[in-house]
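So you can see what is in the structure, the chains are spelled out below.
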Amino acid sequence: MIRAEATKDDLPEIVDLYATTFAADPSVGWVVRRAKNPRALLAKVFTILLTEHYLPRGVIDTVRDDKGRLLGAASWEPPKVHVSASVNARLLAVLPSAGLAAADMLAYEYHLSKVKLPFPCWYLFTLAVSPEARGQGVGSMLLEHGIDRCGGDAIMLEASSTRSARLYRDKGFFALGASPSPGPHSEIVMWRPAADLPGAAQ
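This part takes up the packing of aromatic side chains. All chains considered together, the criterion is met by 7 aromatic pairs. Seen from their ring centres, F22 and F46 are 5.8 Å apart, and the 45° between their planes marks the pair as tilted. Of this pair, F22 sits in helix α1 (residues 11-23) while F46 sits in helix α3 (residues 38-57), placing them 24 residues apart in sequence. For the residue pair F22 and F46, the accessibility class agrees, reading buried in each case. Taken together, a centroid distance of 5.6 Å and an interplanar angle of 50° make the contact between F119 and W191 tilted. Placement of the pair is F119 in the loop between α5 (102-113) and β4 (122-129) and W191 in strand β7 (residues 188-192), with a sequence separation of 72 residues. In textbook terms, an aromatic cluster arises when at least three aromatic residues are bridged by ring pairs, as seen for Y18, F22, F46, Y54 and F125. For the cation-ring pair, R33 lies above W30, with the distance from its terminal atom to the ring centre recorded as 3.8 Å.

See the structure below:
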């Protein structure tokens, strides 16, 4: 398997992976369930965020097999970096196409915006593995490389399933509790303490 940072040319494949994965996600999938085409709606959202925020201001990692097929991807936001007002405006412009899902999307984003740590930290926005590559260590590979890049800084994420929460826990993350959610499937807020925090290495 080959890991590399994404380029603009990689984005269509990553968007497709994210949209397909999160349309079936127990949390995000519920939020967009009432859209006419949930996967297409998520593709619009991820295209904006990856193109205008994560590629220029964060980091997107990929893992491919030896034939060049995308196996997984993860998107990271550095400390003190936030989605700009112009990107948020572009996201709001997508809402009319969301149909009945628009209200749930707004409620989800509102609740998610309230989940913050009281100090700067890295943020793992998304991590997705293609169905055919699951169980082969792709998620661990992406997560371990991202943790190394963070250089001992704290990291925050939301796990949307108990399976993903187990992976994060095995890599040193701790559950802080359930994220407020407009739907029946709350995400699990997790963090990995900074390396210089007393007791963090224990």
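If the charged atoms of two oppositely charged side chains come close together, the side chains can form a pair. Taken as a whole, this structure holds 11 salt bridges when the rule is applied. Measuring nitrogen to oxygen at the nearest pair gives 2.1 Å for the salt bridge that ties R39 to D16. With R39 in helix α3 and D16 in helix α1, this residue pair connects regions lying 23 residues apart in the sequence. Taking the relative accessible area as the measure of exposure, D16 reaches 37% and is therefore partly exposed. Across the salt bridge formed by K171 and E144, the nearest N and O atoms sit 2.4 Å from each other. A residue pair is termed long-range when its members are at least 10 positions apart, and K171 in the loop between α7 (162-170) and β6 (174-178) and E144 in helix α6 (residues 138-150) qualify at 27 residues. Its relative accessible area of 38% is what places E144 among the partly exposed residues. Residues joined in a network through salt bridges with shared partners are R3, E5, D61 and R149.

The strand order across the open sheet formed by 7 strands is β1-β2-β3-β4-β5-β7-β6, and the pairing between neighbours is mixed. Edge positions in the sheet fall to β1 (2-5) and β6, since each has one partner strand and no second. Going across the sheet, the axis of each strand differs from the next one's by a mean of 25°, ignoring polarity. Pairing between strand β3 (residues 70-77) and β4: 6 bridges, direction antiparallel. When the sheet's bridge partners are listed, W76 is paired in β4 with L124.

Where α3 meets helix α4 (residues 85-92), the axes come as close as 10 Å, and the angle between the chain directions of the two elements is 165°. It follows from the interaxial angle that α3 and α4 lie roughly antiparallel. Crossing of α3 over α4 shows right-handed handedness. Residues V45, I48, L49 and E52 of α3 touch α4, and the partners they reach there are V87, R90 and L91. The residue inventory of the contact of α3 with α4, partitioned by class, reads 5 nonpolar, no polar and 2 charged.

Look at K80: it is not a glycine, yet its phi comes out positive at around 65°. In this structure, K80 sits in the loop between β3 and α4.

Moving on to the nonpolar core. One finds I14, Y18, L41, L50 and M105 to be the most contacted residues of the largest nonpolar core, which totals 43 residues. Looking at this core, the elements with two or more residues in it are α1, α2 (28-31), α3, β3, α5, β4 and β7. Dropping the residues within four chain positions of it, Y18 is found in contact with F46, L50, A73, A74, S75, T126 and A128. Membership of the second largest hydrophobic core comes to 21 residues, among which are L124, V138, Y168 and M190.

The next subject is the environment of A175. Tracing the backbone through its elements, the reader meets A175 in strand β6. Excluding anything up to four places from it in sequence, A175 contacts I188, V189 and M190.

Quick notes on the rules
- Residues numbered from 1 in each chain as written.
- Predicted model: local features only at pLDDT ≥ 70, side-chain atom pairs only at ≥ 80, totals over all residues.
- Heavy atoms only, no water.
- Phe/Tyr/Trp six-rings, centres within 6.5 Å; stacked < 30°, edge-to-face > 60°.
- Helix = DSSP H or I, 4+ residues; strand = E, 2+ residues; numbered from the N terminus.
- Buried < 20%, exposed > 50% of the residue type's maximum accessible area, 1.4 Å probe, protein only.
- Lys NZ or Arg CZ within 6 Å of the ring centre and 35° of its normal.
- Salt bridge = Lys/Arg side-chain N within 4 Å of Asp/Glu carboxyl O.
- Pairing = 2+ DSSP bridges.
- Axes fitted to C-alpha atoms, helices over the stretch in contact; angles between N-to-C directions.
- Parallel < 35°, antiparallel > 145°, perpendicular 65-115°, else oblique.
- Left-handed = near helix turned anticlockwise from the far one by under 90°.
- Contact = heavy atoms within 4.5 Å.
- Nonpolar A, V, L, I, M, F, W, Y, C, P; charged D, E, K, R; others polar.
- Core = buried A, V, L, I, M, F, W, Y, C linked by side-chain atoms within 4.5 Å.

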